[in-house]
Amino acid sequence: MAAPVTAAPVVTRLRRLLDEAVAAGTLGTGAKIPTERALCETLQASRTAIRAALGELEREGRITRHVGRGTFLAELEADPGLPPAARGVLQTSPAEIMATRLVLEPEIAALAARHATQADIDHVHHCLRRGDATGTHDEFEAWDSALHRAIAAAAHNGLLLRLFDTMNAARDLPVWGSLKRRSATVERRREYERCHGEIVAALVERDPDAAREHMRGHLLDVRTNLLGPH
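Residues numbered from 1 in each chain as written. Predicted model: local features only at pLDDT ≥ 70, side-chain atom pairs only at ≥ 80, totals over all residues. Heavy atoms only, no water.

*Asks:* Looking at this structure, how should I read the overall build of the protein?
*Replies:* Per the secondary structure count, the protein includes eleven helices and two strands. Going from the N terminus to the C terminus, the protein shows its helices and strands as α-α-α-β-β-α-α-α-α-α-α-α-α. Buried positions account for 44% of the 230 residues belonging to the protein. A separation of at least 24 residues holds for 70% of the contacts in the protein among residues at least 6 apart in sequence. Carbon and sulfur atoms form 55% of the exposed surface of the protein, whose accessible area is close to 11600 Å². (Helix = DSSP H or I, 4+ residues; strand = E, 2+ residues; numbered from the N terminus. Buried < 20%, exposed > 50% of the residue type's maximum accessible area, 1.4 Å probe, protein only. Contact = heavy atoms within 4.5 Å. Areas by Shrake-Rupley, 256 points an atom, 1.4 Å probe, with all protein chains shown as cover.)

Have a look at this one:
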């Protein structure tokens, strides 16, 4: 199993660790995952950070926790009560991901501009700074994902956040990662950093219209870079 990227957010490293174990066949859906203590050692993170990451994965529906029994990978396909989007995430494509992002994220950004607390803004700034400071593609992608989720959380709409998490889970698919790597250039990363800065500035200024437009412009650039002109 490849070592996780230490600079990436703990929840991102935990997702990657579990995904690699599933891909390697050492962990199956419904299986018990390592203990908090073992995860602390593997991910070089505090118990508090591990618990927060597990809580986020539980909210996303990727794990289930049972008092006295442990924590298990969720059996998504076995639960007919889940919405088709959650059960069928593996059948999506980069084009569908981008179409969905363009529907959801501009309005999420507008809501975040209205409803973000100072703690939300501080967390968004933290993700922005860490992303700008990274030296590798994978680290930047991890903090990029963390930034967009921090904005979604700042909207303070639980249903929208669940929809965002379902959509965002598709970004962990191998086809998405391969496409992002092939399309990555230094110039494009700098442009993404600039766009991220504009979005965050709009949140700070409590300007929903600017937040919406900057997010939409950013996602249109991402779509063009990944899929070509539309």
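*Asks:* Got a minute to help me understand the pattern of salt bridges in this structure?
*Replies:* A side chain of one charge can pair with a side chain of the opposite charge when the charged atoms of the two come close. Inspection of every chain in the model, using the stated rule, returns 14 salt bridges. Close ionic contact of E105 with R101 constitutes a salt bridge, the shortest N to O distance being 2.5 Å. Placement of the pair is E105 and R101 together in helix 5 (residues 94-115), with a separation of four residues, close to one helical turn. Take E105: its relative accessible area is 2%, and that puts it in the buried class. With relative accessibility at 2%, the residue R101 sits in the buried group. (Salt bridge = Lys/Arg side-chain N within 4 Å of Asp/Glu carboxyl O.)

*Asks:* Even after reading the chapter, I still don't get helix 3 (residues 47-60), so can you show me in this structure?
*Replies:* Along an α-helix, a turn takes 3.6 residues, which lines up residues three or four apart on a common side. Between its first and last C-alpha atoms helix 3 spans 20 Å; for 14 residues at 1.5 Å apiece the expected length is 20 Å, and the two agree. Among all positions of helix 3, only I50, A53, L54, G55, E56, L57 and E60 are buried. Looking at the residues trailing helix 3, positive phi occurs at G61, about 85°. (Expected span 1.5 Å × (residues − 1).)

*Asks:* Would you explain the packing of helix 2 (residues 36-43) against helix 3 in this entry?
*Replies:* If you want to describe how two helices pack, look at the angle between their axes and the distance between the axes. At their nearest, the axes of helix 2 and helix 3 sit 9 Å apart, and the two run at 105° to each other. By the angle class used here, helix 2 and helix 3 are roughly perpendicular. Here E36, R37, L39, C40 and L43 of helix 2 lie close against helix 3, whose contacting residues are R47, I50, R51 and L54. Each residue belonging to the contact of helix 2 with helix 3 can be placed in one class, and the counts come to five nonpolar, no polar and four charged. (Axes fitted to C-alpha atoms, helices over the stretch in contact; angles between N-to-C directions. Parallel < 35°, antiparallel > 145°, perpendicular 65-115°, else oblique. Nonpolar A, V, L, I, M, F, W, Y, C, P; charged D, E, K, R; others polar.)

*Asks:* Whenever I open this one, the side chain of H218 confuses me. Can you help?
*Replies:* Its location among the elements puts H218 in helix 11 (residues 208-227). With residues near it in sequence (within four places) discarded, H218 still touches H148, Y192, C195, H196 and I199.

*Asks:* Teacher, can you tell me more about the side chain of D144 here?
*Replies:* With respect to the element layout, D144 can be found in helix 7 (residues 137-154). Residue class for D144 comes out buried when judged on its relative accessible area of 6%. Excluding residues within four positions of it along the chain, D144 makes contact with R171, K180 and H196.

By themselves these figures say nothing about function.
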